[in-house]
Every structure is written in structure tokens, then in C-alpha cells.
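# An overview of the molecular structure
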Amino acid sequence: MSLRGEIVVVDGSGRLVAMLFGGQDAAIRTDVVLPSPGWSRTLTLSSAENVRVERGEVSTWQGRIPMDATHKLEFRQTVRERDGRVVVGLDYTALNDLTAEGLFFRINIPWVDFRGGTAGNGTRTIQLPETAPANNNLLYGETAQLDARSASGGMWWAARFNRPFGVNLQDKSSESPKSYTFWVYLQRGNMGAGTRGSVEVELALDGIPDTTTAGLRVEPETPRYVFH
């Protein structure tokens with residue numbers, strides 16, 4: 001689905017899969033991540049059960065992420081447009097005691113678009129690596145804002161949270177699709193039954209559209225396909 005104004009694409013689970021600007025798109029992706037101890041198992045929005053979806057000016061996903069048959073995290077996520085930006089809201093409740101590494105809101109920005117560019121958290125700015133670094137942890141801090149800019153300066157992205165969170169930036173160029181991943185710490189460690197929390201984040205993407213003329217060459221003497 002896409003929201004009014006064609007600025008975001010959201011899949012059936014409630015995960016952002018792309019943001020749009022100037023007729024182009026970038027693979028800005030979000031998810032809710034609930035890992036078991038030691039990250040032996042990772043549960044996300046795609047793991048949710050009994051999901052109810054309402055689409056409109058404010059689109060809503062409600063469901064439960066099960067760690068097992070009796071230990072579950074209940075969530076309600078909303079996605080809407082505000083002043084040309086995408087606003088994601090998340091409310092969650094641990095229905096039972098949950099033994100976990102914590103709870104994270106994950107934001108991926110595309111490696112191919114931002115490699116060699118910069119990323120910052122309002123206090124510090126770093127250059128994003130163009131090859132896989134020895135240590136994939138790039139930047140950490142307590143912050144309510146994130147920014148990234150491509151090496152050419154032709155694309156820029158920003159996130160603004162309703163309050164500060166611990167955020168760790170990692171290079172994920174070894175994964176497919178390649179990305180730089182911001183891990184937003186919503187909860188650390190185990191969650192007792194009844195633990196509640198929320199987050200709201202405003203995402204913005206803009207840039208200079210690529211107007212380069214595409215070239216097409218046809219070689220009729222070279223067969224490419226055989227039709228039967």
C-alpha cells in the first residue's frame with residue numbers, strides 16, 4: 001500500500017519497505033524486532049498473529065508477536081503522512097513475562113545509496129564506510145534525531161523521535177539487501193508482564209531526482225530469446 005501523496009510503501013505486515021521522493025524511491029525499511037536471548041531467534045512484525053489491518057488516512061496494524069504459545073507482545077502500529085513526512089507510531093504491551101534480549105525498532109537505509117556519505121545523531125557525525133568494516137558498530141548515542149546524506153549530496157534522510165532513545169548504527173553490507181541499520185532500543189533485556197511503552201518517529205526523505213537519460217541499444221542480429 002502507499003499513503004496519500006505517494007511518499008511511502010508499507011507491506012501487509014506493517015513494515016515500511018520504501019520511501020518516495022521526486023518520482024523515485026529508496027529502500028528505507030522499518031520493523032519491530034523481538035529477539036530471544038543470545039539472538040538465537042528473531043521475531044518481527046512478519047511473525048505476528050491475529051493481525052487486524054485498517055487502511056486510510058491513518059493506517060493501523062494490531063496484533064501479537066508470540067515468543068511461544070503463551071508469551072506474547074501485543075502491539076498497535078499506525079502509519080500516516082504529516083506535512084510531507086511519514087509518521088510511525090507504536091504502542092506495545094508484554095502480555096506475559098518475556099525472556100528476551102530486549103525490544104527494538106529497526107530502521108534500515110540503503111547501503112547502495114548512502115555508502116561513503118555521512119550519518120549523524122545530533123551530537124556526532126561519521127562517514128559511512130564503502131566496504132565492510134572490521135567492526136560493524138559505527139555510532140551509538142542517546143538521541144531523538146538521526147540524519148544521513150549520500151556521498152554526492154543528492155539524497156538526504158532524517159528521523160525525529162518523540163523522546164531520546166539509545167540508538168546503535170551498524171554496517172549491514174554483509175546481508176541482503178545491503179544496508180546501514182539503526183537499532184532503536186525500546187526495551188533492554190527481559191520484560192515483565194504488563195510492561196508498556198510507545199514510540200513515535202517522523203521520517204523524511206528528499207533529494208535531487210536522477211534525470212540522467214537512459215540509453216537503449218537494440219541488436220536485432222543477436223538472438224536473446226527463443227519462443228516455442
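Since this is a predicted model, take the numbers as computed values, not measurements. (Residues numbered from 1 in each chain as written. Predicted model: local features only at pLDDT ≥ 70, side-chain atom pairs only at ≥ 80, totals over all residues. Heavy atoms only, no water.)

### Here's the deal with the overall build of the chain
- Regarding its fold elements, the chain presents 1 helix and 16 strands.
- Looking at the chain residue by residue over its 228 residues, the buried ones come to 46%.
- Within the chain, contacts between residues at least 6 apart in sequence are counted, and of these 59% link residues at least 24 apart.
- Looking at the chain as shown, the accessible area adds up to about 11900 Å², and 45% of this sits on carbon and sulfur atoms. (Helix = DSSP H or I, 4+ residues; strand = E, 2+ residues; numbered from the N terminus. Buried < 20%, exposed > 50% of the residue type's maximum accessible area, 1.4 Å probe, protein only. Contact = heavy atoms within 4.5 Å. Areas by Shrake-Rupley, 256 points an atom, 1.4 Å probe, with all protein chains shown as cover.)

### Focus: the nonpolar core
- The biggest cluster of nonpolar side chains holds 55 residues, and the ones touching the most others in it are W157 and L203.
- Apart from residues no more than four positions distant in its own chain, L203 is found in contact with L16, M19, T30, R85, V86, V88, I107, W157, A158 and A159. (Core = buried A, V, L, I, M, F, W, Y, C linked by side-chain atoms within 4.5 Å.)

### Focus: the packing of aromatic side chains
- Following the criterion strictly, the structure yields 7 aromatic pairs and no others.
- Geometrically, the ring pair formed by W39 and W183 is edge-to-face, given 5.5 Å between the ring centres and 80° between the ring planes. Here W183 lies in strand β15 (residues 179–188) and W39 lies in the loop between β4 (29–35) and β5 (42–43), a separation of 144 residues in the sequence.
- By relative accessible area, W183 is classed as buried at 10%.
- A ring pair is formed by Y140 and Y185, whose centres lie 6.2 Å apart and whose planes are at 85°; its orientation type is edge-to-face. A residue pair is termed long-range when its members are at least 10 positions apart, and Y140 in strand β13 (residues 137–149) and Y185 in strand β15 qualify at 45 residues.
- Taken together through their ring pairs, the aromatic side chains of W39, F104, Y140, W183 and Y185 make up a single cluster.
- One Lys or Arg, K178, reaches over the ring of W111 and ends 4.5 Å from the middle of that ring.
- Here the guanidinium or amino end of R188 rests over the ring plane of Y185, the centre of that ring lying 4.0 Å away. (Phe/Tyr/Trp six-rings, centres within 6.5 Å; stacked < 30°, edge-to-face > 60°. Lys NZ or Arg CZ within 6 Å of the ring centre and 35° of its normal.)

### What to know about unusual backbone geometry
- For the bond running from S176 to P177, omega is -5°, close enough to zero to count as cis.
- Its place among the elements puts P177 in the loop between β14 (155–172) and β15.
- Even without being a glycine, D83 presents a positive backbone phi close to 55°.
- If you trace the backbone, D83 turns up in the loop between β8 (72–82) and β9 (85–94).
- D83 sits in the exposed class, given a relative accessible area of 69%.

### Re the environment of A193
- One can find A193 in the loop between β15 and β16 (196–207).
- If we ignore the near neighbours within four places in the chain, the residues touching A193 are A94, L95, N96 and D97.

### A few points about the confidence of the model for the chain
- Predicted confidence across the chain gives a mean pLDDT of 92, with 89% of residues reaching 70 or more.
- Predicted confidence is poor over residues 1–5, with pLDDT under 50, and the contacts of this stretch with residues over four places away or in other chains come to 16 contacts. (pLDDT = per-residue confidence, 0-100.)

### A look at the pattern of salt bridges
- Under the criterion given, the structure shown has 11 salt bridges.
- Where D147 meets R160, a salt bridge forms, and the shortest distance between an N and an O atom there is 3.1 Å. Separated by 13 residues along the polypeptide, D147 in strand β13 and R160 in strand β14 bring together distant segments of the chain.
- Overall, the relative accessible area of 25% leaves D147 in the partly exposed class.
- R160 gets classed as partly exposed once you look at its relative accessible area, which sits at 33%.
- Within the structure, one salt-bridge network assembled from shared partners comprises R80, R82, R85, E200 and E202. (Salt bridge = Lys/Arg side-chain N within 4 Å of Asp/Glu carboxyl O.)

### Looking at the sheet that holds strand β3 (residues 24–26)
- Spatially, β1-β2-β3 is the arrangement adopted by the 3 strands of the open sheet, whose pairing is antiparallel. The sheet terminates laterally at β1 (8–10) and β3, the two strands that pair on one side only. Sheet twist, expressed as the average angle between the axes of neighbouring strands with direction ignored, equals 25°.
- Here β1 runs beside strand β2 (residues 16–21); their pairing, made up of 3 bridges, is antiparallel. Directly across from V9, in β2, lies its bridge partner A18. (Pairing = 2+ DSSP bridges. Axes fitted to C-alpha atoms, helices over the stretch in contact; angles between N-to-C directions.)

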